[in-house]
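Chains, contacts and geometry: an overview
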Amino acid sequence: MKTTVYGYPKIGPNRELKKVVESYWKKEISKEELWEKTQEINLNRVKKIKESGIDIIPSNDFSLYDFVLDVATMFNVIPERFKKIEDSLDRYFAMARGSDDAIACEMTKWFDTNYHYIVPELAGDIKLVKNRPLESYRSIKQALGIETKPVIVGPFTFVYLSKVYQRQEGSILMQMVKAPESEKFEQFLDLFANLYNQVLKELKAEGVKAVQLDEPAFVLDLSEKEVNLALKTYEKLVEGLDGLDIFVQTYYESLSAYDKLINLPVKGIGLDFVSNNENFENIKKYGFPKDKILVAGVVSGRDPWKTDLQSTANFIKSLTDYIPAENIILSNAAPLFHLPVSLAPEVGHLSEDLINLLSFADERLLELKTLKEHFTEGKELPAQNLQDIRDKYKNEEVRKLVDNYKNKEVSRPTPFKERYKKQMDILKLPLFPTTTIGSFPQTQEVRKTRADYKAGRITEEQYKEFIRKQIQNVIKIQEELDIDVLVHGEFERTDMVEFFGEKLEGFAFTKNGWVQSYGTRCVRPPIIYGDVSRPNPMTVEEITYAQSLTNRPVKGMLTGPVTILNWSFYRKDIPKEDIAYQIALALREEVEDLEKAGIKIIQIDEPAFREGLPLKKNKQQHYLNWAVKAFKLSHNTVKDETQIHTHMCYSEFNEIIEYIYKMDADVISIEASRSKGEILQAFENFKYDHAIGIGVYDIHSPRVPREEEIEEILRRSLRYIDKELIWVNPDCGLKTRGWDETIKSLKNMVNVAKKLRKEYT
């Protein structure tokens, strides 16, 4: 019995990758220094895994920005708009972030996680131009003398997640469709089977013994045709590769069409045994091929709760009833990049009880070693008292309150049209009202002042005065830009979830628990260790101060219950639905206080609503029902005249548009720039009749959008949506942007809204 891991965090123990890459973007270091420093970060990762006692070490699992983008550029999947950029590294970053004259590639969520990947656009001269796995294997072997197992996103998953351009009659823009919906899906799979075969042959010639192909798309609900295409793809892929062990790794859910896909012509298959019991039930029902290795995902890669070692050992023992122990490799059940790097910095910061409940990526390595040694050397497992610690964090009063709402209908009593008319009569907003999503640029000065306050270097009053000045400035800027509905800028907030978690009971925060969200963007997910409640108001002071500075409406800004839940590490022993209701009830108290303070518009953001959707269709209905109810529960007591907004970004909405409608928000703002406005079709096909804020430019790119680009998106939206229901806004918050580009971008946005307002009024 051996061990392996995959997806170990790329960012470095102290976010070294972020600092190095961003230094390169700022031209503070050269390309040579970038390569040198990032190579050092990667080699330190590999050494850590090796020194932890893991048997099979991965390679090619390090990336400067995104591992899907790495595969795309490896195969020359370069959109035409970027081809004139000659330098390959500059082109790579331009695809991710945009350039002066090219909109960045679409970015969306990786399965049901908060990691964002760059969506490949399949077109042009697709061919192997750079064997990245081979380069990674060579560099590690040369530097450390370690034989590794190259890891690559598999061909089926890569093509499945890609998009294809196709012309749509009468459309201003070419339409992008998911690759599986394209007539060319089979052709692309055939093409990439050949290309992967070429990559693997070069690896075999180098002396590589084993390769891992990640195929998380194999856990989706695949049609019979897609399953057969997957089998056909792999039959072609493995031709001429005798002697090279190919492992297919699946995760996040149970393998679909188990009885067929388990017979892929490969050496081994990785299965997730943490997310649910279905993979094990299928092994018991259909067996497991005697000629294959099982890579058993037995420790979590997605949540930080310590593995119950005795229970897991019992499960591994039950696996050996069906599969010989020597045919089992123990592994993580999902990529470890969803976890912080190490628990070590948290000792002394978090309580001892909580420390004893947690394991991050480094601790997962040790858990795997411990489990292996229990079976191979007969070592005793350490004693654990996990449930005793969990029981300390119960709040029976909160749990009873939630039970009261479980079987109750929750909604606003007045239909949308009546509410919206009352709201707009009071707000007196023009056609195509402009607003932003919430945050404005957080400069180094803002971050430093916040850090000084937390460290006790300045007083609370000094900090509050600083925040008031930032609010004064941002209100003035928005008025000068002539934006219709203002925000207070969120300068007091580090992160849209962390800020609220710090003010709610039941949340804990790490000192250094960073997790990659996209590119160099990292977040510190809160840890929901106990039942949730709100001891005091959280946002009322800053919002009401901002409103006192202007006659224009200022939005109250809250993060919704489903997003707080999905972007936190939540307890697995409490139903997810119950935690969502606990958070919703706490937020409802805040909403009621904002309304009493005279705030007429309250935005309750739910960017993670779609992200939390289970991958299997038979599990989606239950999630959608309670997620909608949790959102409505957060504000169902407000008056008709109070306008409720929500924001969603970078997700595929088409299949859940019915439930977005059931959320019954007065205004929903969405991304419509990176996806070329494709998302608008979902609202056209469903005949969505609530108000929609169109995200007309991409805030994840530093480029300033041209007015004609913004106008193009808005004119397209007018084909699908009633002009009286259209709002105009960026596609997300502006926290990570600079002031100069922000002001120029918003000026262009307002100019276009005024132009259309004049034309359509």
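Residues numbered from 1 in each chain as written. Predicted model: local features only at pLDDT ≥ 70, side-chain atom pairs only at ≥ 80, totals over all residues. Heavy atoms only, no water.

**What to know about the overall build of the protein**
A count of helices and strands for the protein gives 27 helices and 23 strands. The C-alpha atoms of the protein give 26 Å as radius of gyration, which agrees with the globular expectation for 761 residues (27 Å, within 12%). Based on the C-alpha atoms only, the size of the protein along its principal axes is roughly 75 × 60 × 50 Å. When the 761 residues of the protein are sorted by exposure, 64% land in the buried category. Of the contacts made within the protein by residues no fewer than 6 positions apart, 79% connect residues no fewer than 24 positions apart. A total of about 29400 Å² of accessible surface is found on the protein, and carbon and sulfur atoms cover 47% of it. Each charge class in the protein can be summarised by its mean position, and for the 109 positive and 119 negative side chains these summaries are 1 Å apart. (Helix = DSSP H or I, 4+ residues; strand = E, 2+ residues; numbered from the N terminus. Rg over C-alpha atoms; globule rule 2.2 N^0.38 Å. Buried < 20%, exposed > 50% of the residue type's maximum accessible area, 1.4 Å probe, protein only. Contact = heavy atoms within 4.5 Å. Areas by Shrake-Rupley, 256 points an atom, 1.4 Å probe, with all protein chains shown as cover. Lys, Arg positive; Asp, Glu negative; His and termini not counted. Charge placed at Lys NZ, Arg CZ, Asp CG, Glu CD.)

**Looking at the confidence of the model for the protein**
For the protein, per-residue confidence averages 94 on the pLDDT scale, and 97% of positions sit at 70 or higher. Note on residues 169-173: pLDDT under 50 across the span, and eight contacts to partners over four residues away in sequence or across chains. (pLDDT = per-residue confidence, 0-100.)

**What to know about the environment of Thr233**
Along the polypeptide, Thr233 turns up in helix H8 (residues 224-237). Placed 123 residues apart in sequence, Thr233 and Asn356 show a C-alpha to C-alpha distance of 45 Å. Leaving out residues up to four positions away in the same chain, Thr233 has contacts with Pro155, Leu189 and Ala193.

**Quick notes on unusual backbone geometry**
Glycine aside, the phi torsion of most residues is negative, and most peptide linkages are trans. With phi around 60°, Asn60 is a residue other than glycine that occupies positive phi space. Within the secondary structure, Asn60 is located in the loop between strand S2 (58-59) and helix H3 (67-74). The backbone of Asp482 shows a phi angle near 65°, a positive value even though the residue is not glycine. Positionally, Asp482 belongs in the loop between helix H18 (460-481) and helix H19 (498-501).

**With respect to helix H22 (residues 576-596)**
Along its 21 residues, H22 runs 31 Å from first to last C-alpha, staying within 8% of the 30 Å computed at 1.5 Å per residue. H22 sits mainly inside the fold: 16 of its 21 residues count as buried. A positive backbone phi angle near 90° is found at Gly598, which sits one or two residues after H22. (Expected span 1.5 Å × (residues − 1).)

**A short note on the packing of aromatic side chains**
Taken as a whole and assessed by the stated rule, the structure comprises 35 aromatic pairs. Measuring from ring centre to ring centre gives 5.5 Å for Trp25 and Phe93, while their planes differ by 90°; the resulting arrangement is edge-to-face. In this pair, Trp25 sits in helix H1 (residues 16-25) while Phe93 sits in helix H4 (residues 88-97), placing the two residues 68 residues apart along the sequence. A ring pair is formed by Trp110 and Tyr117, whose centres lie 5.7 Å apart and whose planes are at 80°; its orientation type is edge-to-face. Residue class for Trp110 comes out buried when judged on its relative accessible area of 0%. One aromatic cluster in this structure is built from Tyr6, Phe67, Trp110, Phe111, Tyr115, Tyr117, Tyr251, Tyr252 and Phe337. Taking the ring centre of Trp514 as reference, the NZ or CZ of Arg15 above it sits at 3.7 Å. Above the plane of the ring of Tyr405 lies Lys408, whose end atom (NZ or CZ) is 5.2 Å from the centre. (Phe/Tyr/Trp six-rings, centres within 6.5 Å; stacked < 30°, edge-to-face > 60°. Lys NZ or Arg CZ within 6 Å of the ring centre and 35° of its normal.)

**Points about the packing of helix H26 (residues 707-720) against helix H27 (residues 739-760)**
Where H26 meets H27, the closest approach of the two axes is 9 Å, and the angle between their N-to-C directions is 45°. One element, H26, and the other, H27, form an angle in the oblique class. Regarding H26 and H27, the two cross each other, and that crossing is right-handed. Touching Glu707, Ile710, Glu711, Leu714, Arg715 and Leu718 of H26 are Asn748, Met749, Asn751, Val752, Lys755, Leu756, Glu759 and Tyr760, all from H27. (Axes fitted to C-alpha atoms, helices over the stretch in contact; angles between N-to-C directions. Parallel < 35°, antiparallel > 145°, perpendicular 65-115°, else oblique. Left-handed = near helix turned anticlockwise from the far one by under 90°.)

**Here's the deal with a negative patch on the surface**
A grouping of Glu32, Glu33, Glu36 and Glu40 is seen on the molecular surface, where their side chains present a negatively charged patch. With respect to the helices, strands and loops of the structure, Glu36 is situated in helix H2 (residues 31-51). (Patch = residues over 30% accessible without salt bridge, like charges linked within 9 Å, V, L, I, M, F, W, Y side chains within 5 Å. Salt bridge = Lys/Arg side-chain N within 4 Å of Asp/Glu carboxyl O.)

**Notes on the pairing of strand S10 (residues 245-249)**
Counting buried residues in S10 gives four out of five residues, a clear majority hidden from the surface. Bridge count for strand S9 (residues 210-214) against S10 is five bridges, and the pairing is parallel. Its bridge partner lying in S10, Gln212 is registered against Phe247. This β-α-β element, S9 to H8 to S10, shows right-handed connectivity. (Pairing = 2+ DSSP bridges. Right-handed = clockwise from strand over helix to strand, strands pointing away.)

**A look at the packing of helix H15 (residues 396-405) against H22**
Contact geometry of H15 with H22 gives a least axis separation of 9 Å together with a crossing angle of 95°. Here H15 lies roughly perpendicular to H22, going by the angle between them. Along its contact with H15, which presents Val398, Arg399, Leu401, Val402 and Tyr405, the element H22 presents Asp578, Tyr581, Gln582, Leu585 and Arg588.

**Quick word on the pattern of salt bridges**
Inspection of the entire model under this criterion finds 58 salt bridges. Where Glu106 meets Lys163, a salt bridge forms, and the shortest distance between an N and an O atom there is 3.2 Å. Taken as a pair, Glu106 in the loop between H4 and strand S3 (107-109) and Lys163 in strand S7 (residues 163-166) lie far apart in primary sequence, 57 residues in all. We note that Glu106, like Lys163, is buried. Taking the shortest distance from any N to any O, the salt bridge between Arg524 and Glu498 comes out at 2.7 Å. One end of the pair, Arg524, is in the loop between strand S16 (521-523) and strand S17 (527-533); the other, Glu498, is in helix H19, with 26 residues separating them in the sequence. Among the residues examined, Arg524 registers a relative accessible area of 16% and is labelled buried.

**Things to note about the nonpolar core**
Grouped together as the largest cluster of nonpolar side chains are 121 residues, with contacts concentrated most on Phe75, Trp110, Leu122, Phe158, Phe192 and Phe218. Excluding anything up to four places from it in sequence, Phe218 contacts Phe156, Ala230, Tyr234, Val248, Thr250, Leu255, Ser256, Leu261 and Leu264. Membership of the second largest hydrophobic core comes to 113 residues, among which are Tyr405, Leu565, Met663 and Val752. (Core = buried A, V, L, I, M, F, W, Y, C linked by side-chain atoms within 4.5 Å.)

**A closer look at the side chain of Glu577**
Within the secondary structure, Glu577 sits in helix H22. Of the polar contacts made by the side chain of Glu577, one reaches the side chain of His622; its length is 3.5 Å. (Polar contact = N/O pair within 3.5 Å; in protein donor to acceptor, adjacent residues only side chain to side chain.)

**Description of H4**
For H4, the buried fraction is high: eight of the 10 residues fall into the buried class. Each element contacted by the buried residues of H4 is listed here: H1, H2, H3, strand S4 (116-118) and helix H5 (132-144). Put simply, Asp87 is the residue that caps the front of H4, since its side-chain oxygen is 3.0 Å from the backbone nitrogen of Leu89. Directly after H4, the chain includes Gly98, whose backbone phi takes a positive value near 85°.

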